[in-house]
Amino acid sequence: MMTAMFGAVESGVIYAIMALGVYVSFRVLDFPDLTVDGSFVTGGAVASIMITAGYDPFISTIAALFAGFLAGCMTGILHTKGGINPLLSGILMMIALYSINLRIMGKPNVPLLAEETVMTKIESWFTSAWSVLLFMLVLTLIIKLIIDLFLKTEIGLSLRAVGDNEGMVRSFSANTGWMKVLGLGLSNALVAFSGALIAQYNGFSDVGMGIGMIVIGLASVIIGEAVIGDSKIARATLAVVVGAILYRIIVTLALRIEFLDTGDMKLITAIIVIIALIMPKVLDKQKEAARKKKRLAQLNADGGGPVA
Amino acid sequence: MLEMNQIFKVFYEGTPDEKIALNKVNLSMKQGDFVTVIGSNGAGKSTLMNVISGKLVPDMGTVMIDGVNMTSLAEHKRAVKIGRVFQDPMAGTAPTMTIEENLALAYNRTKKRTLSFGVTKKRRDFYREKLEMLHLGLEDRLQAKVGLLSGGERQALSLLMATFTDPKILLLDEHTAALDPSRAELITNLTKEIVAKLGLTTLMVTHNMQQALDLGNRLIMMDKGQIIFSANEEEKADLTVEKLLAEFQKIKGGAGLSDRSLLS
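In this text, all values refer to a predicted model and were calculated from it rather than measured experimentally.

What counts, and at which threshold
Residues numbered from 1 in each chain as written. Chains lettered and ligands numbered in written order. Predicted model: local features only at pLDDT ≥ 70, side-chain atom pairs only at ≥ 80, totals over all residues. Heavy atoms only, no water. Contact = heavy atoms within 4.5 Å. Buried area = accessible area lost by both parts, 1.4 Å probe. Salt bridge = Lys/Arg side-chain N within 4 Å of Asp/Glu carboxyl O. UniProt positions renumbered as here; feature names shortened; annotations may be inferred. Helix = DSSP H or I, 4+ residues; strand = E, 2+ residues; numbered from the N terminus. Pairing = 2+ DSSP bridges. Axes fitted to C-alpha atoms, helices over the stretch in contact; angles between N-to-C directions. Buried < 20%, exposed > 50% of the residue type's maximum accessible area, 1.4 Å probe, protein only.

K.L.:
Explain the interface of chain B and chain A here, please?
P.N.:
By a widely used convention, the size of an interface equals the accessible area lost when the partners come together. With 33 residues of chain B at the interface, the matching set in chain A holds 22 residues. Taken together, the two surfaces of chain B and chain A that pack against each other cover about 2300 Å², and 58% of this comes from carbon and sulfur. Joining chain B to chain A, the criterion identifies three salt bridges. Two residues, B:Glu75 and A:Arg170, come together in a salt bridge whose shortest N-O distance is 3.4 Å.

K.L.:
I keep staring at the UniProt feature "domain: ABC transporter" (unreviewed entry) in chain B and nothing clicks. Help me out?
P.N.:
If you check UniProt for "domain: ABC transporter" (unreviewed entry), the listed places come out as residues 2-249 of chain B in our numbering. Counting secondary structure, residues 2-249 of chain B comes out at 35% helix and 24% strand; the distance between its end C-alpha atoms is 29 Å.

K.L.:
How should the sheet that holds strand β1 (residues 2-11) of chain B be read in this particular structure?
P.N.:
Strand pairing in a sheet is mediated by backbone hydrogen bonds. Such pairs are either parallel or antiparallel. Residue and element names in this part refer to chain B. The antiparallel open sheet is built from four strands, whose spatial order is β2-β1-β4-β5. On the outer flanks of this sheet lie β2 (19-29) and β5 (68-69), each paired with one strand and no other. Here helix α1 (residues 45-53) sits on the sheet and contacts β1, β2 and β4 (60-65); the angle it forms with β1, its principal contact strand, is near 120 degrees.

K.L.:
I'm lost on the UniProt feature "transmembrane region" (unreviewed entry) in chain A in this one. Help?
P.N.:
Residues and elements named next belong to chain A. Feature annotation in UniProt assigns "transmembrane region" (unreviewed entry) to the following positions: residues 12-29, 58-78, 87-105, 125-151, 181-201, 207-229, 236-255 and 267-283. A helix fraction of 100% and a strand fraction of 0% characterise residues 87-105, whose end C-alpha atoms lie 27 Å from each other. What you have in residues 236-255 is 100% helix and 0% strand, and the ends, taken at the C-alpha atoms, are 28 Å apart.

K.L.:
Even after reading the chapter, I still don't get unusual backbone geometry, so can you show me in this structure?
P.N.:
Negative phi characterises most residues that are not glycine, and trans characterises most peptide bonds. Residue and element names in this part refer to chain B. Located in the positive-phi region is Gln 6, a residue other than glycine, with phi close to 50 degrees. Gln 6 gets classed as partly exposed once you look at its relative accessible area, which sits at 38%. One non-glycine residue, Lys 224, adopts positive backbone phi at about 45 degrees. Mapped onto the elements of the fold, Lys 224 is located in the loop between β9 (218-223) and β10 (226-231).

This is how it looks when you write it as structure tokens:
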């Protein structure tokens, strides 16, 4: 149980980078970007193929980041220059990436168990069971901090405004089309970076490892917002990181139930997202009802106001 | 400052819904001119605005701003020279961002956006000083989200955001129409104050005839895509709502009361 939990937190921290990417497209840009399912694998594919070719694992992981950036930019260009609906441009890119990922890897599965990866390097530097977790936690928090700061720069502000009120930013001379391309590029760069790390963490990259990734990202964003809140940027991004870890813990716990097996994972994910989406509304309604009841009781005690 | 030459724009061309929105419109504004535009719905006022702002490209004719031909320049590019306030108070601000962040966005209208922070200590003092001009106490709420402001406060903020970077042209598209009378008066007075102080070249569309007479130094009336009546500074000084309506009916050939109700 403890080892399972430890693994859940460890992978949760790496998936948090992907969730931060989803936060950028889904919340900041208000663009439901399905490219994620493909770009996550692209990251894993680029990193694993470079590692097996003998490149330094860190350089390979950075290369994965750039590959993801390009994929995201393509989705943005399909949408802004091609005038294709946001959902559809993401889906098209996701499908296209499936074949591209196969081309990059050359086969559906690239094992990395015998290779030197970022994880084996970290373990060789600090000989502790906590080394990977701590290293990844620091990395994820640094990325979170960079996003926080970036979203406060002049470019970052206009990126946020694009998701908030596109017509308004254009009237203040921002090129909203390129802003979207940039935002989607950054989002998918993070996603691919996370994919590269997950491939090395799991010891393989697989062409199917991205299926449902967007939903996992959304689950992390939504769970985090429900638990931590999103009143400020720094808080919202922290919520995403916490949400990603919580999501892994919930899934690990769910899988301990006897009749559920690993194949049920996607169903569990979907149910978690549905609950996380519906629960806040139900809770609000209950609070509202309780308040009304209280007010009514008070009114009856006072004898009520004059009849108009 | 603004030269519109033979502007022609038709919608749904070649279909039964074909509508000529602007029919060879000529409009020339000098530096510091404040022109109010009146006309019934569908007269082409908004199309005129959109052709200037670049949201629409005219089928024919040219738009020159500050001596530069802008006819087919992209909307965001010519926004460097144009400040805009929209009818909908929600349209001119970003609701989930704070007042200072909104001002930072507006501050960048004339400048290239970089990776430096949009809100710095120095800039914050500058924003605060500008907000004081509105007399709404917004200078003490710099970190409040704009979505929490009332329609009137938002519209005042929009007006400030559109003007504090000295646009060559200010476009006001019925910017008081969605507000209650007292808020509308507040925004009208602010408009008067800001435009006078900065000497902005302004084009304002309104449905309120009294407002059209109170503000500005020139007035034009539009109908069916054409400017049917135009008053210069002296003529405008003598105008009253009654005279305007009489003028409108004379030109329309006594088209009747329905137009009167549309305009007043």
